[in-house]
There are 2 protein chains.
Amino acid sequence: MRELMVNLGERSYPIRIGSGLLARAGEQLLQAGLSVKSPLLVVSDDAVAPLYLDGLLEQLRSSGFRAASCIVPAGEPSKSLARFEEIMTKALEHGLDRKSAIVALGGGVVGDLAGYAAASYMRGIRFVQMPTTILAHDSSVGGKVAVNHPMAKNIIGAFHQPSLVLYDLDTLKTLPRREVSSGLAEVVKHGLIRDATFVDWCIDNAERLLALDAEALGYALYKGCAVKADIVSSDETEQGVRAILNLGHTIGHALEAVAGYNELHHGEAISIGMIGSAMLGVQLGAPQEVYLRTREALGKAGLPVSLPEHFDTDRIMEAMMHDKKFGEGKMVFIVPTAIGEVEIRQDIRQQWVRDIVERLKREASWP
Amino acid sequence: MRELMVNLGERSYPIRIGSGLLARAGEQLLQAGLSVKSPLLVVSDDAVAPLYLDGLLEQLRSSGFRAASCIVPAGEPSKSLARFEEIMTKALEHGLDRKSAIVALGGGVVGDLAGYAAASYMRGIRFVQMPTTILAHDSSVGGKVAVNHPMAKNIIGAFHQPSLVLYDLDTLKTLPRREVSSGLAEVVKHGLIRDATFVDWCIDNAERLLALDAEALGYALYKGCAVKADIVSSDETEQGVRAILNLGHTIGHALEAVAGYNELHHGEAISIGMIGSAMLGVQLGAPQEVYLRTREALGKAGLPVSLPEHFDTDRIMEAMMHDKKFGEGKMVFIVPTAIGEVEIRQDIRQQWVRDIVERLKREASWP
Ligand SMILES: NC(=O)c1ccc[n+]([C@@H]2O[C@H](COP(=O)([O-])OP(=O)(O)OC[C@H]3O[C@@H](n4cnc5c(N)ncnc54)[C@H](O)[C@@H]3O)[C@@H](O)[C@H]2O)c1
Ligand SMILES: NC(=O)c1ccc[n+]([C@@H]2O[C@H](COP(=O)([O-])OP(=O)(O)OC[C@H]3O[C@@H](n4cnc5c(N)ncnc54)[C@H](O)[C@@H]3O)[C@@H](O)[C@H]2O)c1
Ligand SMILES: [Zn+2]
Ligand SMILES: [Zn+2]
């Protein structure tokens, strides 16, 4: 088992990564200071629950906890105020008190939803994450929790740190292949931002990762979490440096906004976005290698590195202009200067970005 | 104009109390660091809006602000997730960004609702309170914001401090008489907890207060806020000493829970609750004067000091057992030991409380 402390003063918490962790969940919760006197509520989705919920509930009960559950439909639409209210109702019916915890068993959707519920119930109770996707390594650090509004993603939320993250690698075995690659996009992103050696490692170990080799996955998730934790610790409420975590996300979010339903998963969209950022970096003076290694790392992880022709450039640009990351009309972009290094640029011209989007469609022939 | 700083480190903020403050709202917001580049959303209710909203919006616009509004029905049922979602929609439609503020123009209902919206929109934007009730002096300090769930009051919320509180005494002139007395209950409570001299002052100035004399009101609200601010500063997230603010609320909440609709306002319920707490205090050894002065202060403010006969003691006791303030089966009670002094007692027997409830029905003949 690997353990990483996320250092946030009195809100610090451990992330434990390893095999067989769910089978020891009760003991872990007790160790984290939770009391069997206060009931727990486990939130999961209807794809994850049939696989792991019963086992977890049984385990928690055998440790003396009273644990109820709330199952939402799998998928992004469950990040809604309606599901949030459902969780509140369950929490009240089950008698959760100020010392209770809400446990998220699932991917980033369940984590964000259950986390916002924990942030709000009685103005904040404890929150425990048990991530079951690779992408959720990203959401398990940083304390951002939220639901969506029909008009905007993640717009209703809070900063609420978990008390404990239990990452059981065994659960990842049932993850669909496309979700595996999508999650690896954020892993690679964390390397591209801060750690060139880790990018090399990702390229060398891509096959082991795609095969869900527990040793390789454990290391990759640990490194991904560590980079993010380091950045978040120095900027808990996203005032400054934390913005570098948005590498690839400016273009990526715009692609998600204009893509057809299920056409691009989040990790796929930001993969293309990171390729675009690398192109921009090279254009602004970074060595050619930045682009080549970025493409290699993402491509080997089974991710798209070019944009399908049918995406409309105008619509992508429009979506970008609506993105909340554009303060006061200027274009803020995270741009790599080397592998493992990025800078926040406030001076990116729309025309440059438009050119990049066009180039992404002919990526195979670029540069 | 009086000013009070609520000291909470980097979350400190000023409460300004005086006449004509709404007419200078724009300048006050600019001074608090808000920018005209980011739109504002003013939340009010349909009793307050016809009186003060247009004037405020015009004032804000004349200072260069873009300000939209969202009007909810007057009354407690507006503290709901449905109204919360409505505010989110308005905020998005109106383009509120991370530097925007949500302004609450109204009583505690509008303050709690708009405050929770500000706490949640984009994971927290600025919040400005413009209280128009006396009771709202209480909610303008402490940062507690929330909406209700059909099963429980204030159960969905956050701690979110305002950036500024503008208390325009002129708005209080239209407050219905019953709301005036109800608000004075919390003013007197703050005296009973911490400041015997202020209790004397309240008794001596009750008539001026009921007549809404601006000088008297300004002083009373200032003192009420100051006591609460002092307690909150030392315990921002309600871990310990802040519990003393619940004087009268254990019984009061139970009375509200069993009372018919509109039979008891919050201030009336806690007035009876504070009489009960004083009885308990005397029973536990406090001087008789504690009870007599408490009754005098509340009675002179136009508040009920006894319990109507038809209230069922069993139902009141049951409601108290459900109150979230009872941790782990024990009865926690705030009990006065002198005028201006209270203690947190963990050892209060249910039978004592039951006796007090019975006595409250024959209060006129007690002791
Ligand atoms: N809070 C943050 O900081 C943060 C960071 C990144 C992403 N997110 C959010 O995370 C969400 C995406 O997360 P995600 O990709 O984990 O999505 P997800 O939770 O929807 O999971 C993806 C799919 O995989 C299924 N699944 C999950 N675990 C499984 C398992 N072990 N076996 C089989 N199937 C499984 C789910 O049911 C779902 O259908 C987005 O809503 C995004 O906004 C949040
Ligand atoms: N957040 C906190 O710390 C805190 C503390 C105490 C109370 N509260 C909450 O505050 C709420 C009660 O506050 P309230 O008593 O101000 O209730 P309120 O906001 O409902 O106001 C009472 C009534 O007076 C009307 N009104 C308000 N201002 C007026 C004016 N100037 N002229 C004419 N009519 C006016 C309102 O429309 C309403 O009908 C409760 O929901 C309670 O939970 C919160
Ligand atoms: Zn992402
Ligand atoms: Zn009160």
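Scroll up for the structure.
Because the structure is predicted, anything quoted here is derived from the model rather than measured. (Residues numbered from 1 in each chain as written. Chains lettered and ligands numbered in written order. Predicted model: local features only at pLDDT ≥ 70, side-chain atom pairs only at ≥ 80, totals over all residues. Heavy atoms only, no water.)

Residue and element names in this part refer to chain A. Those donors, Glu186 (OE), His249 (NE2) and His266 (NE2), are the protein atoms that reach the zinc ion (ligand 3), and they lie 1.9 to 2.1 Å from it. The sequence pattern formed by the donor residues of the zinc ion (ligand 3) is E-x62-H-x16-H. Taken together, the residues span a long stretch of sequence, with His249 in helix H10 (residues 249-258) and His266 in helix H11 (residues 266-283) at a distance of 17 residues. (Donors = N, O, S within 2.8 Å, 3.2 Å for Na, K, Ca; no water. Helix = DSSP H or I, 4+ residues; strand = E, 2+ residues; numbered from the N terminus.)

The next thing to look at is the pairing of strand E4 (residues 67-72) of chain A. All names here are of chain A. Sheet topology note: the strand E3 (residues 40-45)/E4 ladder contains six bridges and is parallel. Bridge pairing links Ser44 to Ile71 in E4. Where the polypeptide runs from E3 across helix H2 (residues 49-62) and back to E4, its parallel neighbour, the crossover connection is right-handed. (Pairing = 2+ DSSP bridges. Right-handed = clockwise from strand over helix to strand, strands pointing away.)

A few words on the environment of A:Arg194. Residue and element names in this part refer to chain A. Structurally, Arg194 is set in helix H6 (residues 177-194). A sequence separation of 145 residues divides Arg194 from Ile339, and the C-alpha atoms of the two residues are 8.0 Å apart. Apart from residues no more than four positions distant in its own chain, Arg194 is found in contact with Val227, Asp230, Ile231, Ile244 and Gly340. (Contact = heavy atoms within 4.5 Å.)

Here we take up the nonpolar core. All names here are of chain A. Counting residues in hydrophobic clusters, the biggest one holds 83 residues, and the most contacted among them are Ile15, Ile134, Leu255, Ile316 and Met320. Among the domains, domain 1 (2-174) and domain 2 (177-365) are the pair contributing at least three residues each to this core. When residues no more than four places from it in sequence are discounted, the contact partners of Ile134 are Tyr167, Leu172, Leu175, Val180, Gly183, Leu184, Val187, Leu212, Leu217 and Leu221. (Core = buried A, V, L, I, M, F, W, Y, C linked by side-chain atoms within 4.5 Å. Buried < 20%, exposed > 50% of the residue type's maximum accessible area, 1.4 Å probe, protein only. Domains from an automatic or database assignment.)

In this section: the relation of the copies chain B and chain A. When chain B is fitted to chain A, the residual RMSD is 0.0 Å, and the transformation amounts to a turn of 180° plus an axial shift of 0.0 Å. Taken together, these values place the two copies in the relation of a two-fold axis. Relative to the rotation axis, the closest C-alpha in chain B is found at B:Leu81, a distance of 4.0 Å. Most of the interface of chain B is mirrored in chain A, where 100% of its interface residues again form contacts. (Least-squares fit on C-alpha atoms with pLDDT ≥ 70 in both.)

Residues and elements named next belong to chain A. A positive phi angle, near 65°, is found at Arg123, a position not held by glycine. Inspection of the secondary structure puts Arg123 in the loop between helix H4 (108-120) and strand E6 (126-131). Of note, the phi angle at Leu212 is positive, near 60°, even though the residue is not glycine. Structurally, Leu212 can be placed in the loop between helix H8 (206-210) and helix H9 (214-233). Residue classification places Leu212 among the buried positions, given a relative accessible area of 17%.

Take the site of ligand 2 next. Residues and elements named next belong to chain B. Around ligand 2 sit 26 residues in total, of which Glu76, Gly108, Thr132, Thr133 and Thr174 are the nearest. Measuring from a nitrogen atom of ligand 2, one finds a side-chain N or O atom of Asp112 at 2.9 Å. At 2.7 Å, a side-chain N or O of Thr132 approaches a nitrogen atom of ligand 2. Taken by itself ligand 2 offers 860 Å² of open surface, and the protein chains cover 87% of this. The element contributing the most residues to the shell around ligand 2 is helix H4 (residues 108-120), with three residues. Looking at the shell around ligand 2, its residues break down into nine nonpolar, eight polar and nine charged. (Near = heavy atom within 4 Å. Polar contact = N/O pair within 3.5 Å; in protein donor to acceptor, adjacent residues only side chain to side chain. Areas by Shrake-Rupley, 256 points an atom, 1.4 Å probe, with all protein chains shown as cover. Nonpolar A, V, L, I, M, F, W, Y, C, P; charged D, E, K, R; others polar.)

Here we come to the coordination of the zinc ion (ligand 4). Residues and elements named next belong to chain B. Within the protein, the atoms that donate to the zinc ion (ligand 4) are Glu186 (OE), His249 (NE2) and His266 (NE2), at distances of 1.9 to 2.1 Å. Expressed as a motif, the donor residue spacing for the zinc ion (ligand 4) is E-x62-H-x16-H. Here Glu186, found in helix H6 (residues 177-194), pairs with His266, found in helix H11 (residues 266-283); they are 80 residues apart in sequence, far enough to count as distant. A residue is classified by how much of its surface remains accessible, and His266, at 18% relative accessible area, is buried.

Turning our attention to the sheet that holds E4(A). Residue and element names in this part refer to chain A. Spatially, E1-E2-E9-E6-E5-E3-E4 is the arrangement adopted by the seven strands of the open sheet, whose pairing is mixed. Among the strands making up the open sheet, the edge pair consists of strand E1 (2-6) and E4. Direction aside, the axes of adjacent strands within the sheet are offset by 15° on average. Two strands pair when backbone bridges link them, and strand E2 (residues 13-18) and strand E9 (residues 164-168) are joined in this way by four bridges, in the parallel orientation. Bridged to Ile15 within E9 is Val165. (Axes fitted to C-alpha atoms, helices over the stretch in contact; angles between N-to-C directions.)

Residues and elements named next belong to chain B. As summarised here, the arrangement of the seven strands in space is E1-E2-E9-E6-E5-E3-E4, forming an open sheet in which the pairing is mixed. Pairing within the sheet leaves two strands with one partner each, and these edge strands are strand E1 (2-6) and strand E4 (67-72). Each strand axis lies, on average, 15° off the axis of its neighbour in the sheet, ignoring direction. Sheet analysis places strand E5 (residues 101-106) next to strand E6 (residues 126-131), joined by six bridges and oriented parallel. Its bridge partner being in E6, Ala104 is matched across the sheet by Gln129. The strands touched by H4 within the sheet are strand E3 (40-45), E4, E5 and E6, with E5 carrying the most contacts at an inclination of about 170°.

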